Amino acid sequence: MRTFDTKAFEPAIGWARRHEGKISALSLAGGFAFDSWAFGRIDHARTQAVFIVYLLAAGISIAVLHGLESRPDGRKPSDKTRTGLIFVTQFMLGCLLSGFCVFYIRSASITSSWPFLLGMAAIFIGNEYMRRYHARLVFSALLFFFVLYSYSILLVPLVIHRIGRIPFLISGAIAVVIFFFYMQALARLGNERYRGARMQIFAGMMLITIFLNSVYFLRVLPPLPLVLTDAGVYHQVKRAGADFQAQQEEEPPEWQALFGTHAIMHVQKGAKLYLYNAVFSPRGLDTRIVHDWQWLQPGKGWISQQRISVPIQGGREDGYRFFTTKSSPRPGQWQVNIQTFDGRAMGRVRFAVEEQAVTPAMGTRILK
């Protein structure tokens, strides 16, 4: 019977070690791209099951490594065991952070939420490149607390079918209570090692809690679990059977927006403009969305012309569809901020208005 010769793989292993940084970067990008494709709706049971499995696996691997490292010197874990547990911890936390990034980016308005998204991305990338720090209880415990808190922010609105300050504060309370009992379990597994790290862990908990509450109350945190799936300005919007039908100008082409310009709406005096959007909300979560129509007044900046609040219902795959109108919009630069009822930005549509005597050439677009 032939034995398995591992020497044949030594060149490949050596190459992988020499290019570990590049492989990590490619794995990071590939894993995030896969999560973006694989994760479906935030309210699907399968999505929540995956998150819970990741959390349990990460928590267990941290606890097991802590218990083994707390043993006397003669009974410390081997290098292979330590490396394996560190890998599991890093992998599970990385999967959680990647999933959170996917959903936070889907829900975010980049113009208002970019500081939080940048911080989330930095934590995600740091987890991939700080492998040796996962052996330290303080680092792994605080990273676990951060993902636990982030998951609570995502989960609570799905359970109680509400968004706003109260669900957010409930999320924080749940995360702190669960983490407190988790720390008690770690203390039983290795009290001496835990006592040496507990003050640093407590200080880190305070900083993480302050950070997440700050980005929430400064309205930087994305309005999870809501997602703006479609938005645009048109000359007319009406329901056509199961769909919506819109009239849009054939010029200028939509690609102009990619180069820093915005659509120009040519209107006749007294005409209306329609702002259509679709907002995804999980089943059972009914809320209100606000359209804030603003006009750029020279020398004074953006001035709100009208704010329209619309109740929406959750559950539709492609989002709840509705539109608001503005009669006789004055010429100039316009924007419509699409917000939650408490002022969290979901998106923005910018355009310019020019008056002309004749109706512009238009085409019909079906809005799903």
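Before any of the text, the structure's been laid out above.
Everything quoted here is computed from the prediction, not taken from an experiment.

Observations concerning the overall build of the chain
Phase 1 of the analysis: Summing up its helical and strand segments, the chain has eight helices and eleven strands in all.
Phase 2 of the analysis: The 368 residues of the chain split such that 44% are buried.
Phase 3 of the analysis: Restricting the contact set of the chain to residue pairs at least 6 apart, pairs at least 24 apart contribute 74%.
Phase 4 of the analysis: Total accessible area on the chain stands at roughly 19,700 Å², and carbon and sulfur atoms take up 61% of it.

Considerations on the pattern of salt bridges
Phase 1 of the analysis: Scanning all chains against the criterion turns up five salt bridges.
Phase 2 of the analysis: The salt bridge partner of Arg 41 is Asp 43, with a shortest N-O separation of 2.6 Å.
Phase 3 of the analysis: As a salt-bridge pair, Glu 317 and Arg 41 come within 3.1 Å of each other at their nearest N and O atoms. Pair noted here: Glu 317 is in the loop between strand E7 (301–312) and strand E8 (320–327) and Arg 41 is in the loop between helix H2 (20–38) and helix H3 (45–69), with a separation of 276 residues, a long-range link.
Phase 4 of the analysis: Given the relative accessible area of 9%, Arg 41 is considered buried.
Phase 5 of the analysis: The network of salt bridges with shared partners includes Arg 41, Asp 43 and Glu 317.

Digging into the sheet that holds strand E3 (residues 243–249)
Phase 1 of the analysis: Strand order in the open sheet formed by three strands is E2-E3-E11, and the pairing between neighbours is antiparallel. In the strand order of this sheet, the two ends are held by strand E2 (236–240) and strand E11 (362–367), each with one partner. Geometrically, the sheet is characterised by an average inter-axis angle of 25° between neighbouring strands, direction not taken into account.
Phase 2 of the analysis: Here E3 pairs with E11 via six bridges, running antiparallel. Within E11, the residue paired with Gln 248 across the bridge is Gly 363.

Thresholds, definitions, all that
- Residues numbered from 1 in each chain as written.
- Predicted model: local features only at pLDDT ≥ 70, side-chain atom pairs only at ≥ 80, totals over all residues.
- Heavy atoms only, no water.
- Helix = DSSP H or I, 4+ residues; strand = E, 2+ residues; numbered from the N terminus.
- Buried < 20%, exposed > 50% of the residue type's maximum accessible area, 1.4 Å probe, protein only.
- Contact = heavy atoms within 4.5 Å.
- Areas by Shrake-Rupley, 256 points an atom, 1.4 Å probe, with all protein chains shown as cover.
- Salt bridge = Lys/Arg side-chain N within 4 Å of Asp/Glu carboxyl O.
- Pairing = 2+ DSSP bridges.
- Axes fitted to C-alpha atoms, helices over the stretch in contact; angles between N-to-C directions.

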